[in-house]
Amino acid sequence: MLNKELTAATVKPAVLAILAERESYGYEIIKKVQELSDDEIKWAEGALYPMLHRLERQRLIKAVWKTAENGRKRKYYRLNVKGKRELDLLRDQWSAASNLLDKLWGPKPCLN
Amino acid sequence: MFELDNALHSWRQPFQLGKYYSRSAIDELETHLLDAYSEEVSNGLADSEAFKEAVRRIGRESDLRDEFRREWRDKYWLGRYVNRFRWETNWIQNPAGRIGFMVLRTYSLLVAGLGVAGLPDLVYFVSKSPTNWYIMPDTWFPFFGRTMMTVFALAAIFNLMPFTQWRGFRNELFRLSYAQLALCGLIINIYFAFTADPNGGIGTGIVFTSAVIVGPVLWMAQMYGRRRSKLDASLAIA
């Protein structure tokens, strides 16, 4: 299970990456994260919404209310052009961090 | 017997009384709660248990307050103002009363601004003519000074958001008295702003002074009251 700080740090890139695939809503985003992380990452479900609102205010994502198939009204989010740029930036930064850790923690060279 | 509508109503109430949640945000949380509830029911839980589990997953108002408060603080002052306005009107159940309060509050804010704006004029008049200060001198200052100060005062009031929802008869009476006084102040302010009548007379001078002095005093009193009502609200939620 990821610790609190690391979990918080993954929220923004994960949300943007999920929305880059297709538009989605809060519940579905959380389910997707749980599924992809094999339940290793668990977000406080209600706390996702202030983050989504913040991203919306920063114009990284756009929200639209729609009526779902079951008749329930849902707020769908989708990525903006600015959000795509932000996602690219975050991807580069996380890749750099990941590469570094891979090299540090990767298999030790055989000395024989 | 479990009633979903009643349970939802009870769950929504603390959010509606909390000032950090827009109506849209509460609706969104509710949709999430219903999705979680449906999932728990399909997993085989009884209705009431499924609802409890869904609430546990999404969190109660007290669990989410800090996150939403942070988001609320980041908003522009106008967004915060609109949110606060909604929060205050939510305490009033009667729709007609709610509209009345909204009108009254917008109006009170405007008049409080004018009252504060009149202060420099009053100081100016008294300093120029200590015995006959209530007869407004026909100079450029009353109009220009009041107009400029109104802009600043309104900006300050909207940012500080001093008006709050007080509960109880005494406070309603207090607000109503203030509104009446404010009405007099508004009329007088507009009258002098546009006519700069040098023969205003002692009657209008007294009303003008009341608006100028009592307005800001009540405003400060309400700021104090806001702190108290915040405490009341948090106790009610707890």
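See the structure shown above.
Everything in this summary refers to the structure shown in the same document.

Notes on the layout of surface pockets
Here's step 1: Roughly 650 Å³ of internal volume is contained in the largest pocket.
Here's step 2: What lines the largest pocket is a set of 20 residues, and nearest its centre among them are A:Thr7, A:Lys42, A:Trp43, A:Ala44 and A:Ala47.
Here's step 3: Secondary structure elements with two or more residues in the lining of the largest pocket: helix H1 (4–21), helix H2 (26–36) and helix H3 (48–57) of chain A together with helix H3 (47–58) and helix H4 (61–74) of chain B.
Here's step 4: With four residues, the top contributor of residues to the lining of the largest pocket is H1(A).

So, the side chain of B:Glu28
Here's step 1: Turning to its location among the elements, B:Glu28 is positioned in helix H2 (residues 23–42).
Here's step 2: Here B:Glu28 sits buried without a salt bridge, and the closest side chain of opposite charge, A:Lys75, lies 4.2 Å off (N-O distance).
Here's step 3: Residues in contact with B:Glu28, not counting those within four places in the same chain, are A:Tyr49, A:His53, A:Trp65, A:Lys75 and A:Tyr77.

Notes on the pairing of strand E2 (residues 73–79) of chain A
All names here are of chain A.
Here's step 1: Along E2, five of the seven residues are buried, which leaves the element largely enclosed by surrounding structure.
Here's step 2: As judged from the seven bridges shared by strand E1 (residues 61–67) and E2, these two strands associate in the antiparallel manner. Across the sheet, the residue bridging to Trp65 is Lys75, located in E2.
Here's step 3: Joining the antiparallel neighbours E1 and E2 is a turn of five residues, in which Gly71 adopts a positive phi near 90 degrees.

With respect to the interface of chain A and chain B
Here's step 1: On the side of chain B, 21 residues touch chain A, which itself brings 19 residues to the contact.
Here's step 2: Between chain A and chain B the total buried area reaches about 1800 Å² when both faces are included, carbon and sulfur atoms providing 49% of it.
Here's step 3: Interface area lost by chain A to chain B is led by A:Tyr27, A:Arg57 and A:Arg72, which between them contribute 31%.
Here's step 4: Counting across the interface, chain A meets chain B through four salt bridges.
Here's step 5: Measuring nitrogen to oxygen at the nearest pair gives 3.0 Å for the salt bridge that ties B:Glu39 to A:Lys31.
Here's step 6: Counting across the interface, chain A meets chain B through 12 residue pairs in polar contact (both at pLDDT 80 or more).
Here's step 7: Of all the secondary structure elements, the ones that give two or more residues to the side of chain A that touches chain B are H2, H3 and E2 of chain A.
Here's step 8: Of all the elements, H3(A) adds the most residues to the side of chain A that touches chain B, at five residues.
Here's step 9: Counted by class, the side of chain A that touches chain B contains eight nonpolar, three polar and eight charged residues.

Calculation criteria
- Residues numbered from 1 in each chain as written.
- Chains lettered and ligands numbered in written order.
- Predicted model: local features only at pLDDT ≥ 70, side-chain atom pairs only at ≥ 80, totals over all residues.
- Heavy atoms only, no water.
- 1 Å grid on protein atoms, 1.4 Å probe; cavity = no way out; pocket = protein on both sides within 12 Å on 5 of 7 lines; lining within 4 Å.
- Points joined across faces, edges and corners; volume = space filled by probe spheres on them.
- Helix = DSSP H or I, 4+ residues; strand = E, 2+ residues; numbered from the N terminus.
- Buried < 20%, exposed > 50% of the residue type's maximum accessible area, 1.4 Å probe, protein only.
- Lys, Arg positive; Asp, Glu negative; His and termini not counted.
- Salt bridge = Lys/Arg side-chain N within 4 Å of Asp/Glu carboxyl O.
- Contact = heavy atoms within 4.5 Å.
- Pairing = 2+ DSSP bridges.
- Buried area = accessible area lost by both parts, 1.4 Å probe.
- Polar contact = N/O pair within 3.5 Å; in protein donor to acceptor, adjacent residues only side chain to side chain.
- Nonpolar A, V, L, I, M, F, W, Y, C, P; charged D, E, K, R; others polar.

Note that every value here comes from positions in space, so none of it alone points to a role or purpose.
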